[in-house]
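Spelled out, the chains give:
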Amino acid sequence: MKVTCFHLLIQLLNAPEREVGLSLADWDRVLRLARRSNLMGRLAESLEACSVRERLPAQVQPHMAAALALSAHQSQAIIWEARHIAAALAPLNTRVVLLKGAAYAAAKLKAARGRLYGDVDILVPEPQLPEVEAAMMLHGWTAGHIDPYDDRYYRRWMHELPPMVHLKRGTVVDVHHNILPRTARNAPLAERLLQAAVALPDSPFAVLAPCDMVVHSATHLFHEGELGNGLRDLLDLADLMTEFSMRDPAFWPALTTRARELGLLWPLRLAFRYLVQVLDFPVPPEALVDAGAGSMADRLRDMLYLPGFRPDHPLCASPATAIAKSLLYLRGHMLRMPPGLLLAHLGRKGWMHLYKSSSRTAV
Amino acid sequence: MAPRREKIGDLDVSELRDMLARGELAIRTGPLTFRIQCDFPDVAASIHSLYAAHPVLIRPDFADFHVAVRSPHNLRRWFRPQAEFFIDGDPPFEPLPRDQAPALLEWGMNWTIAASCHQWFSIHAASLERNGRAVIFPAPPGSGKSTLCAALAWRGWRLLSDELTLLDPDTLRANALARPINLKNASIELLRSFSPDAEWSPETYDTSKGWVAHMRPPAGSVARMHEQAMPRWIVFPRYVPDAEPMLTPRSKTATFMPIAENAFNYGTLGRTGFEVITRLLDQCDCYDFIYSRLEDAIEVFDWIAESDQEPRQVSSGGGT
Amino acid sequence: MTEPSVVASLAEVQPPTRYLIHEWIDGCVVFDLDTGDTHALDATMAKHFRARHEGGADEAAMPDSAHALLAQMDLLG
């Protein structure tokens, strides 16, 4: 039973027309999982696109309506926020590349649908960081309530400024100068990404080139410490690959070539592996071969990652999942910081977790 | 013949406690069903008392929300026990002292509705119904809205909600939850003498909130939880010691912002939120209300209900 | 990026627009579809706002406070 509802959710996301076969009890479980994995919006939009609203059980319809309202707001809000950022950075005449969710929304990609956005992520050239920060502050963003340790951590080791919070709107912008931390073993050359970035029509922004967007998404997924949104991020990857491969038949070979060029073939290989295993996604065999066949090491990593893609929910949880997740947290960090630094950082974070008040967002 | 088990009160406390511990119990409050898991006996007792008249569902196929109250897994559990609220395994806020567990369940359910139910326009306001029409009291904490709401619920008005006014964005009708009423400090004593027959949860003390208790809603309000009501009055109450009751009309333009600011999802609903409030204001009379004695308030609201007239002619809006 | 055809209440269908406006005797409320901002204007400011948007506003005769507020509302031009 525990595994079944997870698979039900995946099936429903892949083939929404199948909702007819679901019992009320099935819906109860699917909605709970979707809520916990941040997939309510996506589920609602998929069902809406198939025009099945009236066929859904009466008890389910209000939840889908609520999720649609929320995701409509989110996509609108991200565009408004992007406008405000554009207004702030226009005088600087610098290349500003939107990343992740904001990029998907601005470029009107399928991966944008049903998304619950958090921060807006932008990539700027490193030499221009101080001006960008100054311009943002001039327009009402500040460094937020950040303790000096975390602030130093961000500036010294990470690939981004500490998150900037807007005083009036409360929105958050993450300013990146690379897609991986300075300390990471395989930080790519940001200039390459910036050079290849594609300008958006009617917009001061650019987005990463299609292959770079996919590589970035995969890198982000497998370098992250917490896989809280793992399933959703995997679904994003599926959407991106589907859309880009439909536009360009040469996409698959170009993707593996580019990943190799950037020194980031490894996260792409993992992405392929889990897209196939978790989502049954049809990665072309040539691409799989090109990215490197499954090695023994990959199979060991499965034990870590596969449970990590399960939503963090009682219906899916098992002690194995919990352990896998905490190992992943450690592992994610290992990729970013030299071991000595890592211990100091984790120790401090652990203490802070117990007493610092946390803020949660709406589900 | 099998015993009737339609209401929470039909179960005996130990039965309820077991089902609650196993997560088999669900309560219907108006349009929403909450399935609850908790193994604290005081929470079971509280539910048994405060929700006695509410419909109960046992192991239902579907529940709108699955919530739980449990001990958090932190260091504190050894020297200062706490309780934490979970919605589908996710704790949205910090744990509270253990003795506040029953209140935490109420607040957690409120939060869940406010954070998730965007099928409605939701306002942090009390609402009550009379003759099919609803009065809405948007007001920040400390304005006395809960006290006023509780008093009116026992004197001729049907309780819709003490905290969450939920409006259908198409029809503007308000939904009823008819849940226990949250009261603090002096209001508790006041309402105890005002309605001596009412049932209460135990009082708990919190350094930031003071004394807190919940009052069981009147059975009539619970029985009619599926009836909606059309908003007709918006009133901003303010308790002022020794004041004579004073009801003064408010500008609608000046009422728009306080409602938007007190709404949980005004921003989320975007232009729909804007349109809902403008239509609401078109059809409602808006007032400020100052009072000190509950009996005065009852009289004034009797008068409002009896002299129900059509809203004064409003000018039309325009688009540019 | 604006929504097509916005109608606040009884106005005729208009070409793509930026603002939703709803008026009462003593003022109006405005929803800016470009920024998501909401404004409540008293009767005087409402008059200036209408004038600016229907054209024929006498900008010179407007007080500074009106200019400042209207500039703020037009933030993204």
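From a predicted model like this one, the values you see are computed outputs, not experimental measurements.

Participant: Where do I start with the overall build of chain B in this structure?
Facilitator: Per the secondary structure count, chain B includes 9 helices and 17 strands. At 20 Å, chain B has a C-alpha radius of gyration in line with the 20 Å of a compact globule built from 320 residues. The principal-axis extents of the C-alpha atoms in chain B amount to approximately 60 × 50 × 45 Å. Here chain B holds 320 residues, and 48% of them are scored as buried. Long-range contacts, defined here as pairs at least 24 residues apart, represent 73% of the contacts in chain B between residues at least 6 apart.

Participant: What is the right way to read the domain arrangement of chain A from this model?
Facilitator: Many analyses report the size of an interface as the accessible area lost when the parts associate. All names here are of chain A. Looking at chain A, the domain boundaries give domain 1 (2–72) and domain 2 (73–355). Taken together, the contact between domain 1 and domain 2 spans 21 residues of the former and 19 residues of the latter. Those elements that provide at least two residues to the side of domain 1 that touches domain 2 are α1 (2–14), α2 (24–36), α3 (40–49) and α4 (61–89). When its residues are assigned to classes, the side of domain 1 that touches domain 2 shows 11 nonpolar, 4 polar and 6 charged.

Participant: What exactly am I supposed to notice about unusual backbone geometry here?
Facilitator: Keep in mind that most residues, glycine aside, have a negative phi and that most peptide bonds are trans. Positive phi is not limited to glycine here, since Lys108(A) has a value of about 55 degrees. Residue class for Lys108(A) comes out exposed when judged on the 10 C-beta atoms lying within 10 Å of it.

Participant: Could you clarify how one ought to interpret the sheet that holds strand β3 (residues 38–42) of chain C in this entry?
Facilitator: By definition, the strands of a sheet pair up through backbone hydrogen bonds, in either a parallel or an antiparallel sense. Residue and element names in this part refer to chain C. The antiparallel open sheet is built from 3 strands, whose spatial order is β1-β2-β3. Edge strands, defined here as strands with exactly one partner in the open sheet, are β1 (19–24) and β3. Along the sheet, successive strands turn relative to each other by an average axial angle of 15 degrees, direction set aside. Judged from the 6 bridges that link them, β1 and strand β2 (residues 27–32) form a sheet pairing that is antiparallel. In the sheet register, Tyr 19 faces β2, and the bridge partner there is Asp 32. The strands touched by helix α1 (residues 43–54) are β1, β2 and β3; relative to β3, the strand with the most contacts, the crossing angle is about 115 degrees.

Participant: What should I look at first to understand the domain arrangement of chain B in this one?
Facilitator: All names here are of chain B. Here the domain parsing of chain B yields domain 1 (8–116) and domain 2 (121–306). If you average the C-alpha positions of domain 1 and of domain 2, the two centres end up 25 Å apart. If you look at the interface, domain 1 gives 17 residues, while domain 2 gives 23 residues. If one sorts the elements of the side of domain 1 that touches domain 2 by residue count, helix α3 (residues 101–116) sits on top with 6 residues. The class makeup of the residues in the side of domain 1 that touches domain 2 is 8 nonpolar, 7 polar and 2 charged.

Participant: What's the story with α2(A) in this structure? I'm lost.
Facilitator: In an α-helix, one full turn covers 3.6 residues, which means residues spaced three or four apart are oriented alike. All names here are of chain A. Spanning 13 residues, α2 covers 19 Å between terminal C-alpha atoms, matching the ideal 18 Å at 1.5 Å per step. For α2, the set of buried residues is Trp 27, Asp 28, Arg 29, Val 30, Leu 31, Arg 32, Leu 33, Ala 34, Arg 35 and Arg 36. Phi for Asn 38, located one or two positions after α2, is positive at around 65 degrees.

Participant: What am I meant to see in the interface of chain A and chain C here?
Facilitator: Taken together, the contact pairs 6 residues of chain A with 4 residues of chain C. Classifying every residue of the side of chain A that touches chain C gives 4 nonpolar, 1 polar and 1 charged.

Participant: Sorry if this is basic, but what is going on with the sheet that holds strand β6 (residues 198–199) of chain A here?
Facilitator: One open sheet holds the 7 strands; their spatial order is β3-β4-β5-β2-β1-β7-β6 (chain A), and the pairing between them is mixed. Because the sheet does not close on itself, it has two edges, and the strands there are β3 (141–142) and β6 of chain A.

Participant: It is not clear to me how the nonpolar core should be interpreted in this structure. Could you clarify?
Facilitator: Side chains that are nonpolar tend, in soluble globular proteins, to be buried together. Formed by 192 residues in total, the largest nonpolar core has its most connected members in Val97(A), Ile122(A), Val207(A), Val69(B) and Leu128(B). By residue number, the principal contributor to this core is α4(A), which donates 11 residues. Filtering out sequence-adjacent residues up to four positions away, Leu128(B) remains in contact with Ala134(B), Val135(B), Cys149(B), Leu152(B), Ala153(B), Trp157(B), Arg158(B), Leu159(B) and Leu160(B).

Participant: Even after reading the chapter, I still don't get the pairing of strand β4 (residues 65–70) of chain B, so can you show me in this structure?
Facilitator: Within a regular strand, the side chains alternate between the two sheet faces. Residues and elements named next belong to chain B. Of all 6 residues in β4, 5 are buried, a share of seventy percent or more. Here strand β2 (residues 32–37) runs beside β4; their pairing, made up of 4 bridges, is parallel. Within the sheet, the bridge partner assigned to Phe 34 lies in β4 and is Phe 65. By the bridge criterion, 4 bridges tie β4 to strand β5 (residues 82–87) in an arrangement that is antiparallel. Its bridge partner lying in β5, Val 67 is registered against Ile 87.

Conventions used here
- Residues numbered from 1 in each chain as written.
- Chains lettered and ligands numbered in written order.
- Predicted model: local features only at pLDDT ≥ 70, side-chain atom pairs only at ≥ 80, totals over all residues.
- Helix = DSSP H or I, 4+ residues; strand = E, 2+ residues; numbered from the N terminus.
- Rg over C-alpha atoms; globule rule 2.2 N^0.38 Å.
- Buried ≥ 20, exposed ≤ 12 C-beta atoms within 10 Å, placed from the backbone.
- Contact = placed C-beta atoms within 7 Å.
- Domains from an automatic or database assignment.
- Nonpolar A, V, L, I, M, F, W, Y, C, P; charged D, E, K, R; others polar.
- Pairing = 2+ DSSP bridges.
- Axes fitted to C-alpha atoms, helices over the stretch in contact; angles between N-to-C directions.
- Expected span 1.5 Å × (residues − 1).
- Core = buried A, V, L, I, M, F, W, Y, C linked by C-beta atoms within 7 Å.

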